[in-house]
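Listed below, chain by chain, are the residues.
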Amino acid sequence: MLRDELSDRRIGLADCNNFFCSCERRICPELEGRPVVVLSGNDGCIISRSNEVKAMCVQMGAPFFKYRELLAYHGVAIRSANHRIYQGISSEVMAVIRSYTDCQEIYSIDESFFNLAIPTISDPFSYCEKLRQEIWRRCRIPISIGIAPTKTLAKLGTEYAKKHRETNGVLWMDKSRYKSAGFMSAFPCRDVWGIGPKMAESLSRAGISNVAQFAAREDTWIKDKYNMPGLYTAWELRGFSVNPVQNKRRPQQSIMVSRSFGEPITTFSGVLDALISFTVSAAAQMRRAGLSAGKMEVYVATNRFGNDYYAMGKDFVFHEPETLDGTFIKIATELLKQIYTDGRQYKKCGVILSNLSNVSLGRQTNLFADEACERRRAAMTVIDRLNNEGKRPVLKPAVLCERPDSEKNWKSKSEFKTDEKTLQNSPVEATRFQSHAEDF
């Protein structure tokens, strides 16, 4: 096999089509062929649209209330997001992709780069078609695949495959395509991975509106205006790989748990109750990943569309990396006291744990370490083990038990969430995941 051919199909990108909508169709097969949208927390915004809804010109991220009547008129199925289920289906899809390659880089919940420069694969196009069919057979999720020498071109190929049925869901961005000014001019700059809205606007002012024009500009001009990241994007569009596929995920930089409230909260105790719940959830996620936190930040915000918008955050740096719920709860309470002001209707709060360090293989102890603190860490390990064994946590801090669930008006509204009976009949296993504060 020619080296040039191996280079031209070095990278594949598998991208699930309308992923959240596709998951809802898998859970409830009656939705197949029917237009579907999935809503964000509190059913506020549209975060996933089936192709039928896209054809109605419903915008991604648009407020649900803006299109509610239109969607009802066209008989669109509305679903509240169920991220636990989506994570489970994503794991299944990624496992199938992993079995087709020697190197996989999971980019997001619905996207994965994988190595295709394998000499034993004689026909990469047929190979990727087979992968698509296997994912559909085993996971019931439609995907599109881009084949290219670089990640940026693979992303473009995937987007093209999604929009053009004649590709049968797979596009090979070989030299005949990415070296063709006619073909590449069909891609606007704003659609390129690595070119944000501001950069696209700047390019437009310079008379550059499509990928062919951008890739043709001189390196010195691109570097001068957009620095090395812009130049790297141009190189990748020309077929020169800058970011190879990496088996390992990038080290996690931070853990954030945040949620918009179901109803505005006007009391300190109400905001604190939500904040503590989010804090405990973030700490549990961190420990499951074998990490500790050196910094903690909390923030609150009112309705950004209100007349008196208020948002404020405060952080705290630990003397030594921390893992215990009790410590995080104490600091969160103190930080909230510093940023909370009376007379406001709070709509959101959140917690961010950062400066993370890996303690999965043990931690460096202090010669003068507090023995009581070590015993608390040991107890926390046992509690985490018990909580992780079941579908729901069995042990939680006493402060979270003070207010009955019926009084937690900060909990998100999910008017259109798939009912429990449908989930019980679904082929998706009810597995626990670590992405949301509703764990507690």
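Quick caveat: nothing in here was measured; it's all calculated off a predicted structure.

Draft legend 1. Main features of the overall build of the protein chain. Within the protein chain one finds 16 helices and twelve strands. Classification of the 440 residues of the protein chain by burial places 48% in the buried group. Put simply, of all contacts in the protein chain between residues at least 6 apart along the chain, 69% involve residues at least 24 apart. On the protein chain, roughly 23000 Å² of surface is accessible, and the fraction owed to carbon and sulfur atoms is 50%.

Draft legend 2. Structural view of the packing of aromatic side chains. A complete count under the given rule lists 16 aromatic pairs for this structure. Arranged with centres 5.8 Å apart and planes meeting at 70°, the rings of Tyr107 and Phe113 form a pair that is edge-to-face. Look at Tyr107 and you get partly exposed, because its relative accessible area is 37%. An aromatic cluster of three or more residues is present, and its members are Phe268, Tyr310, Tyr340 and Tyr346. Over the aromatic face of Phe183 sits the side chain of Arg177, whose NZ or CZ is 5.8 Å from the ring centroid. When the ring centre of Trp221 is taken as reference, the NZ or CZ atom of Arg217 above it lies at 3.9 Å.

Draft legend 3. Structural context of helix H6 (residues 124-139). Taking 1.5 Å as the rise per residue, H6 with 16 residues should run 22 Å; its terminal C-alpha atoms sit 22 Å apart, in good agreement. Looking only at H6, the buried set comprises Pro124, Cys128, Glu129, Leu131, Glu134, Ile135 and Cys139. Structurally, H6 contributes buried residues whose contacts are with helix H2 (19-27), helix H5 (83-98), strand S6 (111-115), strand S7 (143-148) and strand S8 (170-172). Where H6 begins, the capping side chain belongs to Asp123, and its oxygen is found 3.2 Å from the backbone nitrogen of Phe125. At the C-terminal side of H6, Arg140 shows a positive phi close to 60°.

Draft legend 4. Quick peek at unusual backbone geometry. The phi dihedral of Asn18 is positive, around 45°, even though this residue is not glycine. Tracing the chain through its elements places Asn18 in the loop between strand S1 (11-16) and H2. Judged by its relative accessible area of 15%, Asn18 is buried. Although it is not a glycine, Asn355 sits at a positive phi angle of roughly 50°. Mapped onto the elements of the fold, Asn355 is located in strand S12 (residues 346-358).

Draft legend 5. Structural view of the sheet that holds S1. Spatially, five strands are ordered S5-S6-S1-S7-S8 in an open sheet, and the strand pairing comes out mixed. Each of the sheet's edge strands pairs with one partner strand only, and the pair in question is strand S5 (104-108) and S8. Pairwise comparison of adjacent strand axes, ignoring direction, gives a mean angle of 15° for this sheet. Note: S5 against S6, four bridges, orientation antiparallel. Along S6, the bridge assignment pairs Glu105 with Phe113. In this fold H5 packs onto S1, S5 and S6, with an angle of close to 155° to the strand it touches most, S5.

Draft legend 6. Highlighting helix H13 (residues 268-288). The first and last C-alpha atoms of H13 sit 30 Å apart over 21 residues, in line with the 30 Å expected at 1.5 Å per residue. Judged by how many residues are buried, H13 sits mostly within the fold: 18 of 21 residues are covered. Just past H13, the residue Gly290 takes up positive phi, approximately 70°.

Draft legend 7. Summary view of the environment of Lys330. Position of Lys330 relative to the elements: it lies in helix H14 (residues 325-339). Residue classification places Lys330 among the exposed residues on the basis of a relative accessible area of 59%. As for Lys330 and Ile276, which are separated by 54 residues in sequence, their C-alpha atoms are 9.2 Å apart.

Draft legend 8. Representation of the sheet that holds strand S9 (residues 254-265). With antiparallel pairing, four strands are arranged side by side in an open sheet as S9-S12-S10-S11. Single-partner strands in this sheet number two, and they are S9 and strand S11 (311-322). Put simply, the sheet's adjacent strands are angled 15° from each other on average, direction ignored. Bridging between S9 and S12 involves eight bridges; their strand directions are antiparallel. Counterpart to Ser254 in the pairing with S12 is Ser354. Contacts from H14 reach strand S10 (291-302), S11 and S12 within the one sheet, and its direction differs from that of S11 by about 150°.

Draft legend 9. Spatial organisation of the side chain of Thr279. Positionally, Thr279 belongs in helix H13. If we skip the residues at most four places from it in the chain, Thr279 touches Met296, Phe328, Ile329, Ala332 and Val351.

Draft legend 10. Geometry of the side chain of Ser202. Along the chain, Ser202 turns up in helix H10 (residues 197-205). Aside from chain neighbours lying at most four places away, what touches Ser202 is Lys225 and Tyr226.

Draft legend 11. Layout of the packing of H13 against H14. Running from N to C, H13 and H14 cross one another at 145°; their axes reach a closest spacing of 9 Å. As H13 packs across H14, the resulting crossing turns out to be right-handed. On H14, the residues touching Phe268, Val271, Leu272, Leu275, Ile276, Thr279, Val280, Ala283, Met286 and Arg287 of H13 are Asp325, Phe328, Ile329, Ala332, Thr333, Leu336 and Lys337. Of the residues in the contact of H13 with H14, the class split is twelve nonpolar, two polar and three charged.

Cut-offs and rules
- Residues numbered from 1 in each chain as written.
- Predicted model: local features only at pLDDT ≥ 70, side-chain atom pairs only at ≥ 80, totals over all residues.
- Heavy atoms only, no water.
- Helix = DSSP H or I, 4+ residues; strand = E, 2+ residues; numbered from the N terminus.
- Buried < 20%, exposed > 50% of the residue type's maximum accessible area, 1.4 Å probe, protein only.
- Contact = heavy atoms within 4.5 Å.
- Areas by Shrake-Rupley, 256 points an atom, 1.4 Å probe, with all protein chains shown as cover.
- Phe/Tyr/Trp six-rings, centres within 6.5 Å; stacked < 30°, edge-to-face > 60°.
- Lys NZ or Arg CZ within 6 Å of the ring centre and 35° of its normal.
- Expected span 1.5 Å × (residues − 1).
- Polar contact = N/O pair within 3.5 Å; in protein donor to acceptor, adjacent residues only side chain to side chain.
- Pairing = 2+ DSSP bridges.
- Axes fitted to C-alpha atoms, helices over the stretch in contact; angles between N-to-C directions.
- Left-handed = near helix turned anticlockwise from the far one by under 90°.
- Nonpolar A, V, L, I, M, F, W, Y, C, P; charged D, E, K, R; others polar.

These results come straight from atomic positions and should not be treated as a statement about function.
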